[in-house]
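Spelled out from the first residue to the last, the chains are:
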Amino acid sequence: MARYAQVQGSVALITLTNPPVNALSAAVRLGITEAVTRALRDPKVKSVVICGENGVFCGGADIREFAKPMTGPPLVPMISAIEEGDKPVVAAIEGVAFGGGLELALGCHYRIAHSKARVGLPEVTLGLLPAAGGTQRLPRLIGLAPALELITTGRHVTAQEALKLGIVDKVTDQSAQDLAIQFAQEVIGQPLLPRKLSTQLTPCPPDVDTILDEAMARVKQRARGAMAPVACVQAVRAAVNLPYQAGMQKEQELMAFLFRSSQARALQYCFFAQRAVGKWSLSSGAHSGNSKPRPVTKAAVIGLGTMGRGITVALVKAGLSVVAVETNKKQLEMGKQMVSAMLKHDAQKMNAVPRLDLLHYTTDLSELKNTDLIIEAVFEDMALKKEVFKKLSSVCKPDAVLCTNTSGLDVDELASVTKRPELVVGMHFFAPAHVMKLLEVVRGSRSSPEVMATAMHLGKRLGKVSVVVGNCSGFVGNRMLRPYLDQANFLLEEGATPELVDGALEEFGFPMGVFKVSDLSGLDVGWRIRKEAGLTGPNVDPKDPLRRRQGRRYSPLPDLVCEQGRLGQKSGRGWYLYDKPGGRVATPDPDIHKLLEDYRVRHGIRPRQIGSQEVLERCLFALINEGFRVLEDGMAMGPEGIDMIYVFGYGWPRHRGGPMFYAAMVGLPRVLERLEYYQQVHPDVPHLQPSSLLRRLVVNGSPPLDKWRDFLQRPHSQL
Ligand SMILES: CCCCCCC[C@H](O)CC(=O)SCCNC(=O)CCNC(=O)[C@H](O)C(C)(C)COP(=O)([O-])OP(=O)([O-])OC[C@H]1O[C@@H](n2cnc3c(N)ncnc32)[C@H](O)[C@@H]1OP(=O)([O-])[O-]
């Protein structure tokens, strides 16, 4: 797992050979340890170069080994042996040096990077800290403030930035390995002590305590309950206040605590789940490995509302040429101005030139003749969308892929009005579409494997985490959101306030509680959907009592709020009060409290004290229960897909792994028991009726999440 060679007479070349990223598995660590020992012992060897095979230095410790008992030589003494040796060791960094990979390089005396290489300590994103000396050596090398920033965020830096920061000594456009070999010969005989980072002091400005205190306050505020960033600051503090060995001791103690934590397990699960969802498969046997995407160079977006504008920007930023279509000149001009402004703003941030040249604006659908893929993003109205699809089917070239950005309408119904249903697919973006990482790729019953591959591939080009989902109402994300919203409204009826419910959810780790999010999105969106569904407005069955609809419990509270003209942030009032229309700072509103009190009196409801635990159990377990139903109905490939949808699209705290992972962590018997309890108390809420899959899993001893698929009743997949 590490190749040894002697080159240029006196240089030992050690190459890490563990594709694809040369992770530091037990075998690699053994290989390095043996090779370094050999090089240090061999009198003919005067200097050493460490590099990685296939243009990648090292992606860090082997994350897959974290779940198993530790074997092989540990990293810390391996790296110390390199640093303590009396021969200069040069790291030749190509591709990436991440985590343990960068820590290995920091143990070397010199670092040379290829100009396209990136380095970083991303352990914090896995719920850990750099525990092979990274928290002690990096501050000694580049100083306190930059080290704190890199370690607490896990940010990757380019070779050029690494050179500026002093992480690497040289950057080359040629082979880093060749330059390192030459350099290793040049530095023979030069004093090594100043290059041994463990012997150095961390360069500290006079206001060191302020910097550390501010960093701690910042990470606590951003972390939303995540422990690793806090531990990172504590470890770096040790690099300032303690001698190296004592600092290492602190690093190990903090790592031991994090390593066992459920947060680390959740974050590492997310790492693999994010990669797993890209490997999609359909019930037909087609999968990402055997289905080729169609080439897409020219795309079109129909409709330049909020979603259409974001999608257009995302496509242009990925380098596609885009035809943007609106119904009339006025809308088109408005859309154009917004899209240009968004692209310019983005380009400015990245010090780049906005690619306005990639855009063509038109009101004429016949200009779509040469586009390879069209994304419809018009108003969420089936009749209107059908009209658009009919037209697209006749004007676009026969092999053009037709995508809809509907957030929950029937993709098959849309496909049915075209002459090419096999080329129709859902691409459900999340607002703002150029920022949010999630894309639900909705398979219609006739969507071809090739079209699925095309949509998934396009998602990847746009930098999205794309998840294949089935064609059911609301798809996966919005379908699971309904029971969550319902429970939040019921809690208000029973005695809670918006700020109590939101507080519990934010404490759990959501960036915003359910009512703040509703205010942000606009309360009229849901109101319109409820009207169309006959839940409120003129189409309500007159025989339905006010708090029951279509045979189940219903809360008219959100409708009452809308009827008062409280539409959320945009009107300056919603579930909260804002300083002005469009204002962003939510303050609790006494008028809402009064509205709730009057409502309870009117309906004879005795308010009761509601605690955070009940809020979490009712909102989250109802959502999770629907997740089990999604699996049961075959609308998702597996729990990983659901979890990635919630982490990347709905603000589920990543350190809790996603709803299905969270259910497994809480324990399926506990989730079942609480659902059963709440269902008894609220028998008219079908969403609290535990799903049969959940019951089956509990009866079968609550198998681990990666075994849940075995308990689905076949044939199940609608994908
Ligand atoms: C008490 C114990 C003490 C321990 C000491 C601590 C040491 C240290 O501080 C801890 C660490 O280093 S923590 C580590 C810190 N390092 C990180 O956090 C870096 C994590 N990795 C990355 O950021 C990206 O993978 C790269 C940028 C490296 C490549 O990106 P790309 O080119 O888009 O490719 P891709 O699709 O992403 O990956 C390709 C395949 O490789 C797989 N795999 C990747 N890394 C792995 C790893 N470390 N391991 C295992 N596997 C890893 C990946 O799953 C995938 O497998 P699949 O079966 O084909 O699906």
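Nothing here was measured: the structure is a model prediction, and the numbers come from that model.

Parameters and conventions
Residues numbered from 1 in each chain as written. Predicted model: local features only at pLDDT ≥ 70, side-chain atom pairs only at ≥ 80, totals over all residues. Heavy atoms only, no water. Salt bridge = Lys/Arg side-chain N within 4 Å of Asp/Glu carboxyl O. Helix = DSSP H or I, 4+ residues; strand = E, 2+ residues; numbered from the N terminus. Buried < 20%, exposed > 50% of the residue type's maximum accessible area, 1.4 Å probe, protein only. Near = heavy atom within 4 Å. Polar contact = N/O pair within 3.5 Å; in protein donor to acceptor, adjacent residues only side chain to side chain. Areas by Shrake-Rupley, 256 points an atom, 1.4 Å probe, with all protein chains shown as cover. UniProt positions renumbered as here; feature names shortened; annotations may be inferred. Pairing = 2+ DSSP bridges. Axes fitted to C-alpha atoms, helices over the stretch in contact; angles between N-to-C directions. Contact = heavy atoms within 4.5 Å. Parallel < 35°, antiparallel > 145°, perpendicular 65-115°, else oblique. Left-handed = near helix turned anticlockwise from the far one by under 90°. Domains from an automatic or database assignment. Buried area = accessible area lost by both parts, 1.4 Å probe.

Asker: Just to check I follow, could you spell out the pattern of salt bridges for this structure?
Answerer: If charged atoms from side chains of opposite charge come close, those side chains can pair. Summed over all chains, the structure comprises 41 salt bridges. R3 serves as the salt-bridge partner of E53, at 2.7 Å between the closest nitrogen and oxygen. In this pair, E53 is assigned in the loop between β3 (47–52) and α2 (75–84) and R3 in strand β1 (residues 2–7), connecting sequence segments 50 residues apart. Given a relative accessible area of 44%, R3 falls into the partly exposed group. Residues participating in the shared-partner salt-bridge network are E493, E494, R547, R553, R608, E614 and R618.

Asker: Could you clarify how one ought to interpret the site of the ligand in this entry?
Answerer: Neighbouring the ligand are 26 residues; G100, E103, E123, R275 and K279 lie closest to it. A distance of 2.7 Å separates an oxygen atom of the ligand from a polar atom in the side chain of E103. Here an oxygen atom of the ligand sits 2.6 Å away from a polar atom, N or O, in the side chain of E123. Against a free-state accessible area of 1100 Å², the protein chains account for coverage of 72% of the ligand. Those elements giving two or more residues to the shell around the ligand turn out to be α3 (100–107) and α11 (262–276).

Asker: Sorry, what's going on with the UniProt feature "domain: 3-hydroxyacyl-CoA dehydrogenase C-terminal" (unreviewed entry) in the protein chain here?
Answerer: Mapped onto the present numbering, the UniProt feature "domain: 3-hydroxyacyl-CoA dehydrogenase C-terminal" (unreviewed entry) falls on residues 474–578 and 615–702. This span, residues 474–578, is 51% helix and 4% strand, and a straight line between its end C-alpha atoms measures 30 Å. The straight-line gap between the two end C-alpha atoms of residues 615–702 is 25 Å; of that span, 67% is helix and 0% is strand.

Asker: Sorry, what's going on with the sheet that holds strand β14 (residues 401–404) here?
Answerer: Sheet strands line up and pair through hydrogen bonds in the backbone, either parallel or antiparallel. The strand order across the open sheet built from eight strands is β12-β11-β10-β13-β14-β15-β16-β17, with neighbouring strands paired in mixed fashion. Lying at the two open borders of the sheet, with one neighbouring strand each, are β12 (359–362) and β17 (465–470). The sheet shows a mean angle of 25° between the axes of neighbouring strands, direction not considered. In this sheet, β17 lies alongside strand β16 (residues 438–443) in parallel orientation, the contact comprising six bridges. Directly across from L439, in β17, lies its bridge partner S466. Set on the sheet, helix α14 (residues 382–395) makes contact with β10 (298–302), β13 (373–376), β14 and β15 (424–429); between it and β14 the angle comes to about 170°.

Asker: I'm lost on the packing of helix α12 (residues 306–317) against helix α13 (residues 329–349) in this one. Help?
Answerer: A pair of packed helices is captured by two measures, namely the crossing angle of their axes and the spacing between those axes. Following both chains from N to C, one finds α12 and α13 inclined at 45°, their axes separated by 10 Å at the closest point. For the element pair α12 / α13, the angle class is oblique. The two elements α12 and α13 meet at a crossing, and its hand is right-handed. Every residue of α13 that contacts α12 at R309, G310, T312, V313, V316 and K317 is listed here: G335, M338, V339, M342, L343 and D346.

Asker: Teacher, can you tell me more about the domain arrangement of the protein chain here?
Answerer: Reports often express the size of an interface as the amount of accessible area lost when the parts come together. Segmenting the protein chain into domains produces domain 1 (2–259), domain 2 (298–471) and domain 3 (478–711). Domain 1 and domain 3 are separated by 45 Å when their C-alpha centres are compared. The partner domain 3 presents seven residues to the five residues of domain 1 that form the contact. Interface area lost by domain 1 to domain 3 is led by T125, R224 and A226, which between them contribute 92%. Counting across the interface, domain 1 meets domain 3 through two residue pairs in polar contact (both at pLDDT 80 or more).

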